[in-house]
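Summary of the model geometry
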Amino acid sequence: MQSNDVRTLLHCALPTAVAGVAGAAVSAAVAGGKGALGAVLGAALVLLFMGSGLVVLLRTARQYPHLFQSMGLLLYTTQILLLMVVLITFKGTSVFNPRCFAFTLLAATLVWIAAQVLSHMKAKIPYVEPEPARTTS
């Protein structure tokens, strides 16, 4: 993984983790320990899904640059569908508060996407590889 890839991952993961901590604090105040547990699990799930998806996307971009856009669309669609399946699966659980889980999961996902957009807007990644200069001898 290259340094700009690590930087992108870090610029996305840190705000998402902060959103997870904020969600846990609000959930603890609103719903107690079960709310905080749900919020922590929601934020951790977003970090896991989105982080692994970003790693896969960056590796695909390096090996198969012509597939980058279609792979990105497929990856994000799959991630959102998987998160929806997780929300439906844990809808009636009593281990943690499902509402706190769902709201924190949604908030952390939105924070991740916004941070990723900002990170890519600020990155100075050339989209055309310049040819090496030819030396005449």
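Above this note sits the structure.
Residues numbered from 1 in each chain as written. Predicted model: local features only at pLDDT ≥ 70, side-chain atom pairs only at ≥ 80, totals over all residues. Heavy atoms only, no water.

1. Regarding the side chain of glutamine 116
We apply this condition: For helices the rule is a DSSP run of H or I covering at least 4 residues; for strands it is a run of E covering at least 2, with both sets numbered from the N terminus onward. Contacts are assigned to residue pairs that have any heavy atoms within 4.5 Å of one another.
One can find glutamine 116 in helix H3 (residues 98-122). When sequence neighbours within four positions are dropped, the list of residues in contact with glutamine 116 reads Cys12, Leu54 and Tyr76.

2. Brief notes about a nonpolar patch on the surface
The cut-off we apply is this: Patches were defined on residues exceeding 30% relative accessible area and lacking a salt bridge, with like-charge contacts within 9 Å and nonpolar side-chain contacts (Val, Leu, Ile, Met, Phe, Trp, Tyr) within 5 Å. Accessible surface is estimated by sampling points in the Shrake-Rupley manner with a 1.4 Å probe; for residues, cover comes only from the protein chains shown. Salt bridges, as used here, are contacts in which a Lys or Arg side-chain nitrogen is within 4 Å of a carboxyl oxygen on Asp or Glu. Only protein chains enter the accessibility calculation, which uses a 1.4 Å probe; a residue whose area is less than 20% of its type maximum is buried, one above 50% is exposed, and one in between is partly exposed.
A cluster of nonpolar side chains, contributed by Ile113, Val117, Leu118 and Met121, occupies part of the molecular surface with about 390 Å² of accessible area. In this structure, valine 117 sits in helix H3. Here valine 117 falls in the partly exposed class, since its relative accessible area comes to 44%.

3. Remarks on the packing of helix H2 (residues 68-89) against H3
In plain terms, the rule: Here an axis means a line fitted to C-alpha atoms, over the contact stretch when the element is a helix, while the angle between two N-to-C directions is reported on a 0 to 180 degree scale. Angular relationships are summarised with four words: roughly parallel below 35 degrees, roughly antiparallel beyond 145, roughly perpendicular across 65 to 115, and oblique for the angles in between. For a crossing to be left-handed, the near helix must be turned anticlockwise from the far one by less than a right angle; the clockwise case is right-handed. Under the grouping applied here, Gly and all other residues not named as nonpolar or charged are polar, the nonpolar ones being Ala, Val, Leu, Ile, Met, Phe, Trp, Tyr, Cys and Pro and the charged ones Asp, Glu, Lys and Arg.
Across the interface, H2 lies against H3 with an axial gap of 11 Å and an inter-helix angle of 165°. One way to sum up the angle between H2 and H3 is to call them roughly antiparallel. Judged by the sense of rotation from one axis to the other, the crossing of H2 with H3 is right-handed. Residues Tyr76, Ile80, Leu83, Val86 and Leu87 of H2 touch H3, and the partners they reach there are Phe101, Ala102, Leu105, Thr109 and Gln116. Split into classes, the residues belonging to the contact of H2 with H3 amount to eight nonpolar, two polar and no charged.

4. With respect to the side chain of serine 119
Considering the arrangement of structural elements, one finds serine 119 in helix H3. Judged by its relative accessible area of 9%, serine 119 falls in the buried class. Once you skip the residues sitting within four places of it in the chain, serine 119 turns out to touch Thr8 and His11.

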